Amino acid sequence: QPRRQPPVPDYLVGNSGGGGGTNCYTSLCRLLDKDPESGVDNSHQLCQAFGKLFRCGMMDNQRQRFYREAIACVPPGAFIVILGLGSILPALQVARRQAPGRAVLLELSSRLAGLATELVKANKLSLPVVAMPQGLDNEEVVHQVLVPHLPADATHVVVLTEMFASDLLSSGLVPASLAAHAAVKAIAPRAQIQHLPKTVELMATPTEIRTERLGAFDVRNFNAFRHSSSNDKADFWWWSVRLDNQPNTKVALLGPPQTLCGFDFDRSSQITLDEVRRSVQLKISERGRCNAVAMWWTARFGDLEYSTRPRLADGPNSEDDRREHDRSEWKQAVHYLAGETSVFVGDVLEVLVSMTPRFTVRMMQQSPCSVEAPLWVKAPLAAKCSATLPILPYHFLMLTDVHRLQVYADALREAVRQQRKRLGRRVRVLDAGAGLGLLGMTAAMEGADVWLCEAVPLMRQMCREVLGANAKEIAEKEGLVQLLPPMMSTRLQVGEDVPHKFDIVVSEVLDLWGLGEGVIPTMRHAHKKLLEDGGVMIPSRLVVFAQPLELQLWGQAERDNKVDLSPMGSLFKCKFSPMRINQLAHRMLSDEPCPVMEIDFRNVPSQPPDGAPNLENVQLCIRMGGKPALRARMSTVPITTSGMLCGYGVWWAADLGNGHAISSAPSSPQRSWKQLMRWVDPPRFVSEGEEVQVLSCYNENQVNVEDVHVPKAMVDQYQEQVSQQLHQQQGTPLPQQGKPTREEPSPAGTRRGSQPQQKKKQVREVGSDAAVAAALTAAGDALHSGAAAGAAAATTGAAAW
């Protein structure tokens, strides 16, 4: 059959599906500058994306060391053109080093240009910043912008950029460097133009990335989801994968790395942006099943080098002593091929490579595949997602999470045994939201009669394949498994879809927020319609925890580089940020996390009517998204360590029964869920012995946690009002301000002095609670400011109340 040819690059149109499907950085910048009145508010997600981008760039010690040492090598009299804000620190180093008028920063995003200006001012430096929404690759515009800043008689110009991406190209590194080079040459024809980095090189090697078993089950069929056969685009895109961090997954580099392309920017006039297609022969030096091509790149400046090469490439016997935080920020770009190929030492794998410097690199295997992706494995056909894998990449992360499956399996086995002993018959189990069916098969291995319910047709088909691969072992244990048609478990009806009610209903539809994948409607329907009397639900309840902590994203970078990054917080404000808290420097301000909300799946409250009180012990209605929350609670957290309250770490724990629990806490070894950071804006200092108030609430698909800070002036004012009411009721005159009563002060420990102390304490407690209630009443429906991040958020602080 004739070989398929790669499609025409679609970078002029743009595509947000999959790695390499679009110029990622350019698209983010355009979204960042988009008018918020256009009707689509992406500010929360963009703040998270850029916040992570800057944070990871600053934490990349290898990257910062490369630029720090390279900038130090630049001659003092050189003029420096900076393309893009990058990771901020190199730009500030240039501003500190260069004399006024000897550098300029060009930025694609107007908002990022504003941030750069504020950072320069905060650090009392001088560096002109120019926003270029027309694009850094527009030579004519770059020329116009540089004319007022670059002297025509300049003799040495350095073009500095950090516009990298996992595949090296898709953030516009090459066209931006070429446009700047041409503009500088036109303005200062006698100048020596030097680029930082000077050269970049993209490497590729045949790779095997496969999962064979998860727990006791054979899941090799699942590797078909690393490929696609749906459309002409689906085989040509890469995904970011950190090859060094794939537990429970076989990752092997099957051949020596080979150069795909390289650029010497000091010779920019000889570089073209045309697409280049060529056949590449990848040599095989290790036996395996090749299903991907891994790519990484190296940037050089003189003797300095910065590379995204994985440690895996150094070999098993290498003496690599790089510490964990010295690894590159960038992951490797992995091109999954159209199938798997058995390869042996001495073989050659032929791939057709399309390289477009303005766009990205795409590949297609030309050698015959041993096993091609099944025809039913189809990537989404929607225009927005037409260049993706069949499933979202977090499914592959879950395949590396052995702990999560083990905890669920232990709880489920024990529940099946207990129910069998109680009932004296085969236990009936429903796995709601079965995915691959691993939980249901775990119950079947205990001899249970299992029903698998999965709503996504593609995932259900894969569940069928995995079930077939493990059918022999299940039959040996006398288990029974029925696979229901693709449907939501909330649509199941006893007598129509299933013959009987179930003794156990298990579900693992838990996400970062706990409720975002529909565990409440799933378990509510199961308890009401599908569960036998005395049946078991796994999980049976969910507890949400919050712990005050001091965590400053930019604090370490500020201390290490002696810079002021305070403008970062003012521009990129997020209400919630997903993160692994233990990967960042932090300090907990309380000894233990506080359980701020408990959700009993056996007794989920129904939707309260509008205006009905739903806050525990207070006659108030807390709303989320325009409707009353199912339940709300105020919690008091004692501060045991003085510090700056930057926010609350939020996570959950699910009760699986019989002492088993799965948690998303920072201390948990699971890999599937991060924690949430609920930021306090602005941060405030709290002292040991102080108490902070936390308002938590939830609806069917989200949880909200709020810091309720009542200013002392408001508390004092309310205490005075309460005192006046008490005296009016008792008919006693109010004490004059500034004059102590006859009972104050009294010696400590005497009976006479203890009474006013008790009364004062009572008034403080009543006043504080009432002030909080008044604050909540005044806040009204401001608790929910949009579901852009999948969570509600309140307006806090004295001005809001």
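Before any of the text, the structure's been laid out above.
Residues numbered from 1 in each chain as written. Predicted model: local features only at pLDDT ≥ 70, side-chain atom pairs only at ≥ 80, totals over all residues. Heavy atoms only, no water.

Chemist: Explain the pattern of salt bridges here, please?
Modeler: For side chains of opposite charge, pairing can occur when their charged atoms come near one another. For the coordinates displayed, the defined rule picks out 28 salt bridges. Linking Arg-417 and Glu-446 is a salt bridge whose minimum nitrogen-to-oxygen distance equals 3.1 Å. In this pair, Arg-417 is assigned in helix H9 (residues 402-423) and Glu-446 in the loop between helix H10 (438-444) and strand E20 (449-453), connecting sequence segments 29 residues apart. On the basis of relative accessibility, which here comes to 43%, the residue Arg-417 falls in the partly exposed class. Here the residues in one salt-bridge network are Glu-208, Arg-210, Glu-212, Lys-250, Arg-289 and Glu-340, joined through shared partners. (Salt bridge = Lys/Arg side-chain N within 4 Å of Asp/Glu carboxyl O. Helix = DSSP H or I, 4+ residues; strand = E, 2+ residues; numbered from the N terminus. Buried < 20%, exposed > 50% of the residue type's maximum accessible area, 1.4 Å probe, protein only.)

Chemist: Sorry, what's going on with the packing of helix H6 (residues 139-146) against helix H7 (residues 173-187) here?
Modeler: Packed helices, taken two at a time, are described by the angle between their axes plus the distance between the axes. Interhelical geometry of H6 versus H7 gives an angle of 50° and a closest axis separation of 9 Å. Taken together, the axis directions place H6 and H7 in an arrangement best described as oblique. When you trace H6 past H7, the crossing you get is right-handed. Mapping the contact onto sequence places Glu-139, Val-142, His-143 and Leu-146 in H6 and Ala-179, Ala-180, Ala-182, Ala-183, Val-184, Ala-186 and Ile-187 in H7. Taken together, the residues of the contact of H6 with H7 break down into nine nonpolar, one polar and one charged. (Axes fitted to C-alpha atoms, helices over the stretch in contact; angles between N-to-C directions. Parallel < 35°, antiparallel > 145°, perpendicular 65-115°, else oblique. Left-handed = near helix turned anticlockwise from the far one by under 90°. Contact = heavy atoms within 4.5 Å. Nonpolar A, V, L, I, M, F, W, Y, C, P; charged D, E, K, R; others polar.)

Chemist: So what exactly am I meant to see when it comes to the side chain of Glu-208 here?
Modeler: By secondary structure assignment, the location of Glu-208 is in strand E6 (residues 199-210). Since its relative accessible area comes to 1%, Glu-208 is described here as buried. Polar contacts involving the side chain of Glu-208 include one to the side chain of Arg-210, which spans 3.5 Å. At a separation of 3.2 Å, a polar atom in the side chain of Glu-208 contacts the main-chain amide nitrogen of Arg-289. Ignoring any residue separated from it by four or fewer positions in sequence, one finds Glu-208 in contact with Lys-250, Val-251, Ala-252, Leu-254, Gly-288, Arg-289 and Asn-291. (Polar contact = N/O pair within 3.5 Å; in protein donor to acceptor, adjacent residues only side chain to side chain.)

Chemist: For this particular structure, what's the right way to read the sheet that holds strand E23 (residues 531-538)?
Modeler: Strands belonging to one sheet form pairs held by backbone hydrogen bonds; the direction of such a pair is parallel or antiparallel. The five strands lie next to each other as E21-E20-E19-E22-E23, forming an open sheet whose pairing is parallel. Each edge of the sheet is formed by a strand with only one pairing partner; in this case those strands are strand E21 (480-483) and E23. Averaged over all neighbouring strand pairs, the angle between strand axes comes to 20°, with direction disregarded. The pairing of strand E19 (residues 428-432) with strand E22 (residues 502-507) spans four bridges and is parallel. Looking at the pairing, Leu-430 lines up with Val-505 of E22. (Pairing = 2+ DSSP bridges.)

Chemist: What exactly am I supposed to notice about the environment of Glu-372 here?
Modeler: Inspection of the secondary structure puts Glu-372 in strand E18 (residues 371-372). Discounting residues that sit within four places of it in the chain, Glu-372 has contacts with Ala-338 and Gly-339.

Chemist: What is the right way to look at the packing of helix H3 (residues 61-73) against helix H4 (residues 89-97) in this model?
Modeler: As a packed pair, H3 and H4 sit with axes 10 Å apart at the nearest point and diverge in direction by 20°. As judged from the angle between their axes, H3 and H4 are roughly parallel. Remark: the crossing between H3 and H4 carries right-handed chirality. Residues Gln-64, Tyr-67, Arg-68, Ile-71 and Ala-72 of H3 pack against Leu-89, Pro-90, Gln-93, Val-94 and Arg-97 of H4. Across the contact of H3 with H4, the residue classes tally to six nonpolar, two polar and two charged.

Chemist: When you look at H3 in this model, what are you seeing that I'm missing?
Modeler: Three- or four-residue spacings in an α-helix give side chains the same orientation, since the helix completes a turn every 3.6 residues. In this model H3 runs 18 Å from its N-terminal to its C-terminal C-alpha over 13 residues, within 8% of the 18 Å that 1.5 Å per residue would give. Buried residues of H3: Gln-62, Arg-63, Gln-64, Phe-66, Tyr-67, Ala-70 and Ile-71, and no others. Looking at the buried positions of H3, the neighbouring elements they touch are helix H2 (43-59), H4, strand E4 (156-161), strand E5 (192-196), strand E13 (288-301) and strand E14 (304-307). (Expected span 1.5 Å × (residues − 1).)

Chemist: Can you walk me through the environment of Gly-625 in this structure?
Modeler: With respect to the helices and strands, Gly-625 occurs in the loop between strand E28 (623-624) and strand E29 (627-628). Here Gly-625 falls in the partly exposed class, since its relative accessible area comes to 44%. The sequence separation of Gly-625 and Asn-699 amounts to 74 residues, and the corresponding C-alpha distance is 9.3 Å.

Chemist: In this structure, what is going on with the environment of Cys-261? I would like to understand it.
Modeler: Here Cys-261 shows up in strand E11 (residues 258-264). Each C-alpha atom, one on Cys-261 and one on Val-200, is 8.5 Å from the other, the two residues being 61 residues apart in sequence. Not counting chain neighbours up to four residues away, the residues in contact with Cys-261 comprise Val-200, Glu-201, Leu-202 and Met-355.

From the geometry alone we can't say anything about function, so treat these as descriptive.
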